[in-house]
Amino acid sequence: MSQTTHYKIDYSDVPIRLFKSDFLEFFTHITPQAIVVIWSPVIILFLIRAAQESVLAGSALYLLPAFVLGLFVWTFTEYTMHRFVFHFPARTPAMERITFLFHGVHHAQPNLKTRLVMPPVVSVPLAFIFYGLFLLVFGALNAPLWIAPAFAGTVTGYLLYDLTHYATHHWPMKGRYLKYLKRHHMLHHFKTEDARFGVTSPVWDYVFRTMPAES
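Residues numbered from 1 in each chain as written. Predicted model: local features only at pLDDT ≥ 70, side-chain atom pairs only at ≥ 80, totals over all residues. Heavy atoms only, no water.

### Considerations on the side chain of histidine 103
With respect to the secondary-structure elements, histidine 103 resides in helix α4 (residues 93-108). Relative accessible area serves as the criterion here: at 8%, histidine 103 is assigned to the buried category. Of note is the side chain of histidine 103, whose polar atom sits 3.4 Å from the side chain of histidine 87. (Helix = DSSP H or I, 4+ residues; strand = E, 2+ residues; numbered from the N terminus. Buried < 20%, exposed > 50% of the residue type's maximum accessible area, 1.4 Å probe, protein only. Polar contact = N/O pair within 3.5 Å; in protein donor to acceptor, adjacent residues only side chain to side chain.)

As structure tokens, then:
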């Protein structure tokens, strides 16, 4: 398999240092166990809130569609962030530095275990942005009951994304679909860095034609 990435691949267990400050450097590392501990209670709390609101509303028919919508929103976000933010075509040294901090370091050290999931300094502000957007959108649509289940769905999608990403690098993948996702992501890393941006699903790669003809 040919390698087209412009990063020199480092397979050592010694992390590439991103900041001189030990304090800042600390926040660039996180484990998958930590994100499960952080985000599982958030999902549970919003599902409980959604269930309580459905009882008061006298109907729970909207819960599953709202949750699935939240998952769908995440899949689109996953693709667009990976393609347009993480792989932003930097034209200046400053932008190269920023894109390396965001994602380039992962391509340089693809198997470093503590940099395979999104650190809270990124995921927490992102969660607030999503919640604010849901407040605005569902408020405008006069559907406030959809906020909690949709937000729970989006956070669930994010958690599945991070765990899937970690798994493609370090966990045994069983089953046809999971094996497909692993190969899909490895091809992104080592053959087509400018394509195959989906991690939990290739759907948006097909929609936006970033799925190469060669499979």
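What follows continues from the structure just given.
### Digging into the pattern of salt bridges
Throughout the structure, instances matching the rule amount to 3 salt bridges. Note that arginine 17 is salt-bridged to aspartate 22, the shortest N-O span being 2.4 Å. Residue arginine 17 is classed as partly exposed on the basis of its relative accessible area, which comes to 44%. When its relative accessible area of 59% is taken as the criterion, aspartate 22 is described as exposed. Residue arginine 115 pairs with glutamate 25 through a salt bridge whose shortest N-O separation is 2.7 Å. A residue pair is termed long-range when its members are at least 10 positions apart, and arginine 115 in the loop between α4 and α5 (120-140) and glutamate 25 in helix α1 (residues 22-26) qualify at 90 residues. (Salt bridge = Lys/Arg side-chain N within 4 Å of Asp/Glu carboxyl O.)

### Points about the environment of leucine 163
With respect to the helices and strands, leucine 163 occurs in helix α6 (residues 147-170). For leucine 163 and tryptophan 146, which are 17 residues apart along the polypeptide, the C-alpha to C-alpha distance reads 26 Å. Discounting residues that sit within four places of it in the chain, leucine 163 has contacts with Pro32, Ile35, Val36 and Trp171. (Contact = heavy atoms within 4.5 Å.)

### As for a nonpolar patch on the surface
A grouping of Phe23, Leu24, Phe26, Phe27 and Val121 is seen on the molecular surface, where their side chains present a nonpolar patch of about 530 Å² in accessible area. Among the elements that line the nonpolar patch, the one with the most residues is α1, at 3 residues. Within the secondary structure layout, phenylalanine 27 lies in the loop between α1 and α2 (32-57). Note on phenylalanine 27: relative accessible area 34%, which makes it partly exposed. (Patch = residues over 30% accessible without salt bridge, like charges linked within 9 Å, V, L, I, M, F, W, Y side chains within 5 Å. Areas by Shrake-Rupley, 256 points an atom, 1.4 Å probe, with all protein chains shown as cover.)

### Some details on the side chain of arginine 115
The class of arginine 115 is buried, set by a relative accessible area of 10%. Every residue in contact with arginine 115, bar those within four places of it in the chain, is listed here: Pro15, Ile16, Leu18, Glu25, Thr28, His29, Ile30, Val105, His106 and Gln109.

### Focus on the nonpolar core
Ile35, Phe134, Phe151, Tyr158 and Tyr161 are the most contacted members of the largest nonpolar core, which totals 30 residues. Mapped onto this core, the elements with two or more residues apiece are α2, α3 (63-86), α5 and α6. If you tally residues by element for this core, the top one is α6, at 10 residues. Filtering out sequence-adjacent residues up to four positions away, phenylalanine 151 remains in contact with Val42, Phe46, Ala127, Phe130, Tyr131 and Phe134. (Core = buried A, V, L, I, M, F, W, Y, C linked by side-chain atoms within 4.5 Å.)

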